[in-house]
Structure formats: structure tokens, C-alpha cells
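Notes for the structure review
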Amino acid sequence: MAAAAGVHGSTSAPSDVAVLPAAAPGVKLKEPLPSDRPAHAPPDPWKAFAATAERPPGRIRRGIRAVGRGLIHEYAVVTYIALAIAVALTWPTLQYPLHTLPQDLGDPARQAWQIAWGGHILLTDPVQLWQSNAFFNEPNSFAFGDSLLGYAPAGMLGEGPLAATLRYNILFVLAHALLLIGSYALVRQLGAGRTGAAVAAVAFAAAPWRLAQEGHLDIISAGGIPLALAMLARGHGWSMRRGFRRKHRNAGWAAAGWLVAAWQVSLGFSLGLPFLGVLGLILLVLLVRVPIRWWRRPAERPVLGWRLLVTDVLGPLIVVGIAALIALPYFKSSGTATATAEIKFFSPPLRSLLIGPAESRIWSGAHAVPRSSLTWPAEMSLLPGFVLYALALAGLAFSIWTLWQRLFLLAGLAATIILTLGTNFFDGKWTYLPLFGHLPASLGTRIPGRLMLWVTLLLAVLAAGAVAEFVRRADHWAEQRIPPWPGPWLRTATLIPLVLVLVEGWNSTAHPVVPDQPSAMRTVTGPMLVLPTAELTDQMTMLWSTTRFQEIANGSGGFAAGRQADLRRNATTFPDQASVDYLRTQGITTVLLLRDYVAGTPWERAGDIPVDSLGITREDLDDAVLFRLTQPTTQPTDPTQPGQGTSPTQPGQGTFPTQPGQGTFPTQPGEVIPGQTLPQPGAEQTFPTPTFPTRTIQPTVQAQALTK
């Protein structure tokens, strides 16, 4: 009984040991078999079939696995898709990337020259960065517009107009891809799902208003703004849906965010100055919220940590320091006067937010009549997309964001719209002018409509909340089904908003052929003036100069409008004694007349006029006429000499040129020409168009060029 009681009373036996049943009185229990093999016994042959420990992978195998995981990571897949969508959105930019430019041959040609100059001078003489080869004798001429300095490393690759054109087209497509990647990363970090973030990214990158800006790489290159904000939010462990999470802080991501912000500012101040203001607001929020959280929640101290705190001190200092260094030549340039008159001229009306640009394949014809009522349609056709409007409106009532977050987004949307209207909201006295009206015109803040970037971003966040909520409810409803996942039709329905915003961003952007570089531009040195000269043709001349970067008096798209107008006016009668004397006083020793481009200009017969009495020499080249002005004048000017009469205004010197943003006023901030009148809304305008010889580009030509 005692033995039986001992067996039944034992409760501490291990769970893996079987409890023997109670034996009858007087019955001897059998002893259990030994679990260990006796020391003198031979080895067990069955051990050969036992499991052995797996050998840990070496460094090479671990590296290959890490690379493989990186190639299929979410953001790697997003990058692949973004590149493909960017090629589609900008097509046919990459069809003939060596021979065409998007939208027109004005600003794209000048900006291709800017990138080439930045790379060239940083490799040869960085001290002379701001003293470009164009606008001869004008100081700080590289500061005549957004410098695109952040693209200078790309400008170090290749030389000549072909390389500059190819480089520009590649950067143009990559800028669209960065718009997609940056906005996707930001909305994902805020807390939306993949589908909602994809819709927001496409709506932000393919907004119809952006099609009117395809000729301005500095405006298209805005992808660093949402990307920097996404990195900063991730580095501080913050999202809209989950709030602040201390365990998700990462000083590395925050540092990357500040560096991306500095790079974005280096591209230009048109978008950089408003972005600096947003970063300042973020720092202000941190300065207020962090001490409050530290005081109210002692258990969560420290709030940021010393690494993140150091990053948030050094990061803004780096951004502001880079911005200040770049801004110095802008304050020294000729565009230091304020641009209040131009701000008023470019301020769009409220109805412009419903008008699509001429480059939109969907809304170009439908909005032709309302677009004609705008003073400057290229900068006032600000439609972000009717699909985006609908999704954002739905996001106010149906969203993953909380009610207070939606109200905050709505307030931010109202504020950015008011700023976008410029002086059309109570004359801008308490909105746009106090923020940007007192700044020098050279900083490029004269066009309020470009703040549409921030309106589109806030609309995209609201739209992402609605799409993400729809996807969440679809998944919840599918859990009740068998099998418990969404069917193909339901999955397709969640992608309809993505397809709609993509279609609404379909472009009809022109891609004109870049004229061949005259062979004389590869051999003649400066300082020289290239004829014909006009607002539009000078930008192509700047692109042609990227082989030798010789000093040229030609230049366009900057803040030297008065000086360039004087130059063209005095050179209209060339060659005659007055024009020769004027060019000599400007330090110009050579004039290059391009025969293929002088038809219909005041210089159509300049290559055939005798110059013996002018003290200059003339040399006929294959495609040009070269005039040397270095020989002193030996006899007085004959007043009856051909070419001394008054000539009609050359193409490109009208009040408003063909391409928006290239006129004397309002293109050149702070330079108002006396007696100039602004066009009235709806008035028919005629613009002189420089003639470039046209040529047909065949695929074989491109293949041969690429082979070379």
C-alpha cells in the first residue's frame, strides 16, 4: 500500500516519463531499460543515419542571399515599376534620345547646356563655376535661372551637343521616376497600403498640370521633396496611422533625409525656397513637441536620443549652408530687384485649377476655350486631375486617416491653394507677397502657380486614404468567403483608380528634332557673337557651345534681358561701322554668321556685304561666315554703305516669344521694358518663330549614332 501510495502521490515526475501503473501486491516491477549505451559496448551503427548540424553559410553565400533579398524588396520592385512607368509617361523621349528634346527647343536646350557646363567647369576650374561661357562679360551668368547644380556629376560624362541632349533626356525620364518613388515612399511611411500609395504616386507624378512644365527640368525634378520627407519621417519613427514610435527611430534615415533635401535645394530655388519653408515648419514642430513629450511622459525618455538629436542639428545646418552658398551669386546678379509686377502677372485665377494644359491628350481640346481666357496658359493651366479631385473628396469622408488628420490635411490644402493663387487672393497682401514678394527676382519665385506641387501632394495623401480604406474593407469582406481571399474581380476593382489617374496623365508633348551643330562651332574660339541671335535661337547656340565652351555673347533665359536686348539691337545692322564699333567695345573679337539659319532675319545678306572699309576680315567656311574684328579701323565709315539702314526687329525680340518663359517681360524678373504692354486675356497673340532646318530621324540614324 505504501508503495502504491508512493506511486499515486508522485506529482513531480517529468512529463516525458511514463507513469507506471499500480502493481498488484507481491508483484515485482520490471526495471526500465538503460538509456545510455555501456562504455564497453561497440559503437551503435544506426548513428550514421542520425541528423547532423547544418553548416552555417559563409560570407559569400550570405552576401548573395542579401543581394537576392534586396532585388526583390518592396522598394526595389517599386523602382523597377517606376522606371517603366516613367518611360511610358514621357514617351517618345527615349525613342531618339540623341536627336530630340521634350516640348520645345528653348528651355530644354538651355538647361542641357547648364548641366554640361556644371560638369565641365567642376572638372576643369571649379572656382569659375558661376562665370559661364555664355552672356560674355556678364558676371555670375550661371546664376541666370535655376542652376540644376545637383545634376553636375552627370554633366561630367561626355561632351558636345549629342552627349548633352542624351544626358538631358535620361535625366528627364529619371526625374519622373523619382517623382513616383518619392511620393510612394512618403505615403507608405504615413501609413497607407501598397495600392493606396501607388495611386498617390501616379497621381502626383502624372498630374495634368505638370505636362505644361515638361520643358522645365528644374520644375519636373521635384521627386526629392517627398523622398526627403519620407526619410525624415522614418528616421524619427513617425507615421500618421501609428504616431511616434521610439523603437523605430533611426538616425541614418534622418541623415539621408537631410542630404536628399540639400540635393533638392541645389537644383534650384523655384521649388527649393518653398521646400526650405516646409522644413523650417517641421523643425518648429520638433522644437515644440519634443520638450512637451519629454515632460509629460518620463517613462519614454529620451524622446529622440543623442544620435538623432545630433543629426537634427547638423542636417539643417548642412541644408542651409549649401543653400546660402548657392544663393550668393543670385544676390549679386542683375536680377536683384523684386518681382512684384511679375508675381501679379503670373498669379492664376481660381478657375485655373479646373483647366488642363495644351499638352494633355485628354483635356487639350476640351479645355481650349477656357484655357484661352488665361493670361499665360503655360503657367496657369493647373488641373491636378479630376480623378484625383474625386478620390480626395471621397477621402474626406471615407479614409484610413482619422477625422482630425483629415481636417488637418484639408486645412493644409486650403492654405496651399491660397498661396498658389498669388495676388488673386486679397492681392496677396497677407499670403504670397509677405513670403516671397520681397525676395530678389533672381531666386525664381515670381510664378505662384508652381506651388501647385504642394496642392497635388496633399490631394494625393487624401486620395491614398480613401483607396487604402476601400482595399481594407475589400479584404475584410473577402475573409468571410471561402477561400478567404479577394477574388479576381475584387482585386481588379481596387486597381481602377490607379488606371484612371494614369490615363488622365497621358501626354501629347511635342519632341522637336535638335538641329545639327554647325561645324564652325567646333573650331572657332571666342569671345564671339553667333548670328542670328534671338531669345530662342540663343538657347540653341548655348547648347552648340558644349564642345569647346568658348566665350559667347549669346545668351537667353536669364536676368540680363536689358543687356541682351541692347546687344541684339546694336548688332541688327551688322556688318556696318556702328555695329562693329559697338561689338569691339564689348570685347567681342569674332562674329560667326550661320548661313543655314539667317533666312528671314536682318542678317540674311550679311555674308555678302563688302567689309574692306570696316577694318575687319571675312572668311567663308563650309556652313558659316567668320568675321574677325581685331583689325583697327583705318578710314571713316561710308554712310551709304549697305547694311547701315534701319532693319526690322529680328525674330525673338517681340513682346512675348513663342515659348513661355523666354520673353523680355515677364520672363526676366525685375527687367521691365519701357512702353511694354501686357496681353489681355483672350487676345490673339502672334509670336515670331525662328526657323531651324528640319530633318527626319530614322531608326537607322539613331542606331548609327549609338554605335559611334
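Residues numbered from 1 in each chain as written. Predicted model: local features only at pLDDT ≥ 70, side-chain atom pairs only at ≥ 80, totals over all residues. Heavy atoms only, no water.

A few words on the overall build of the chain. Of regular secondary structure, the chain possesses 25 helices and six strands. Of all 708 residues assigned to the chain, the portion counted as buried reaches 50%. Of the roughly 34300 Å² of accessible surface on the chain, 64% is carried by carbon and sulfur atoms. (Helix = DSSP H or I, 4+ residues; strand = E, 2+ residues; numbered from the N terminus. Buried < 20%, exposed > 50% of the residue type's maximum accessible area, 1.4 Å probe, protein only. Areas by Shrake-Rupley, 256 points an atom, 1.4 Å probe, with all protein chains shown as cover.)

Another point: the side chain of Thr165. Within the secondary structure, Thr165 sits in helix α6 (residues 160-190). A residue is classified by how much of its surface remains accessible, and Thr165, at 1% relative accessible area, is buried. Beyond its immediate chain neighbours, meaning those up to four positions away, Thr165 contacts Pro97, Leu98, His99, Thr100, Leu101, Val514 and Leu543. (Contact = heavy atoms within 4.5 Å.)

Another point: a nonpolar patch on the surface. A cluster of nonpolar side chains, contributed by Leu259, Trp306, Leu309, Val310, Val313, Leu314, Leu317, Ile318 and Ile322, occupies part of the molecular surface with about 870 Å² of accessible area. Ranked by residues supplied to the nonpolar patch, first place goes to helix α13 (residues 306-332) with eight residues. (Patch = residues over 30% accessible without salt bridge, like charges linked within 9 Å, V, L, I, M, F, W, Y side chains within 5 Å. Salt bridge = Lys/Arg side-chain N within 4 Å of Asp/Glu carboxyl O.)

What follows is about unusual backbone geometry. Residue Pro92 is reached from Trp91 by a cis peptide bond, and omega for that bond is 15°. Structurally, the position occupied by Pro92 is in the loop between α3 (74-90) and α4 (107-124). The omega torsion across Phe574 and Pro575 is 5°, close enough to zero to call that bond cis. Along the chain, Pro575 turns up in the loop between α23 (561-571) and α24 (577-585). In this structure, Asn137 takes a positive phi of about 80° despite not being glycine. Summarising the element assignment, Asn137 is placed in the loop between α4 and α5 (152-155).

Note that soluble globular proteins tend to have their nonpolar side chains buried in a common cluster. Among the nonpolar cores identified, the biggest contains 128 residues, and Leu217, Phe269, Phe275 and Leu592 are the most heavily contacted of them. A total of 15 residues in this core trace back to one element, the largest contributor, which is helix α20 (residues 452-478). What Leu592 contacts, discounting residues up to four positions off in sequence, is Ala520, Met521, Val524, Met528, Leu529, Val530, Leu531, Leu621, Ala624, Val625 and Leu626. Grouped together as the second largest cluster of nonpolar side chains are 22 residues, Tyr582, Leu583, Val591 and Leu629 included. (Core = buried A, V, L, I, M, F, W, Y, C linked by side-chain atoms within 4.5 Å.)

A word on the packing of helix α10 (residues 224-235) against helix α11 (residues 251-267). Between α10 and α11, whose axes approach to 7 Å, the crossing angle comes to 160°. With respect to each other, α10 and α11 are oriented roughly antiparallel. Where α10 crosses over α11, the handedness of that crossing is left-handed. Contacts between α10 and α11 involve Gly224, Ile225, Leu227, Ala228, Met231, Leu232, Arg234 and Gly235 from the former and Trp253, Ala254, Ala256, Gly257, Trp258, Val260, Ala261, Trp263 and Gln264 from the latter. Of the residues that constitute the contact of α10 with α11, the class distribution is 12 nonpolar, four polar and one charged. (Axes fitted to C-alpha atoms, helices over the stretch in contact; angles between N-to-C directions. Parallel < 35°, antiparallel > 145°, perpendicular 65-115°, else oblique. Left-handed = near helix turned anticlockwise from the far one by under 90°. Nonpolar A, V, L, I, M, F, W, Y, C, P; charged D, E, K, R; others polar.)

A few words on the packing of α20 against helix α21 (residues 488-504). Two numbers describe how α20 lies on α21: the axes approach to 10 Å, and their chain directions differ by 175°. Here α21 runs roughly antiparallel to α20, going by the angle between their axes. Along the contact surface, α20 presents Val467, Phe470, Val471, Ala474 and Trp477, while α21 presents Leu490, Ala493, Thr494 and Pro497. Residues that form the contact of α20 with α21 fall into these classes: eight nonpolar, one polar and no charged.

With that settled, the discussion passes to the packing of aromatic side chains. For the coordinates displayed, the defined rule picks out 19 aromatic pairs. Taking 5.0 Å as the distance between ring centres and 85° as the angle between the ring planes, the aromatic pair formed by Phe135 and Phe144 counts as edge-to-face. Looking at Phe135, the relative accessible area reads 3%, which means it is buried. Summarising the aromatic geometry, the rings of Tyr168 and Phe172 are spaced 6.4 Å apart at their centres and angled 10° between planes, so their arrangement reads as stacked. One end of the pair, Tyr168, and the other, Phe172, are both in helix α6, four residues apart, so they sit about a helical turn from each other. For the pair shown, Tyr168 and Phe172 are each scored as buried. We note Arg210 situated over the ring of Phe204; from NZ or CZ to the ring centre the distance is 5.0 Å. The ring of Trp506 carries Arg361 above its face, with NZ or CZ at 4.9 Å from the centroid. (Phe/Tyr/Trp six-rings, centres within 6.5 Å; stacked < 30°, edge-to-face > 60°. Lys NZ or Arg CZ within 6 Å of the ring centre and 35° of its normal.)

Attention shifts here to the pairing of strand β6 (residues 624-628). Taking burial as the measure, the five residues of β6 include four buried ones, the bulk of the element. Relative to β6, strand β4 (residues 590-594) is paired through five bridges, and the arrangement is antiparallel. Residue pairing across strands places Thr590 opposite Arg628, the latter belonging to β6. Direction of pairing for strand β5 (residues 617-620) relative to β6: antiparallel, over a ladder of four bridges. (Pairing = 2+ DSSP bridges.)

Along the chain, Thr416 turns up in helix α18 (residues 403-420). Judged by relative accessible area, which is 15%, Thr416 ranks as buried. C-alpha separation for the pair Thr416 and Leu451, spaced 35 residues apart in sequence, amounts to 7.2 Å. The contact partners of Thr416, leaving out residues within four places of it in the chain, are Trp454, Val455 and Leu458.

Taken together, the four strands give an open sheet; going across it, the order is β3-β4-β6-β5, and neighbouring strands pair in mixed fashion. In the strand order of this sheet, the two ends are held by β3 (528-531) and β5, each with one partner. Strand-to-strand, the axes of this sheet are offset by a mean angle of 20°, without reference to chain direction.

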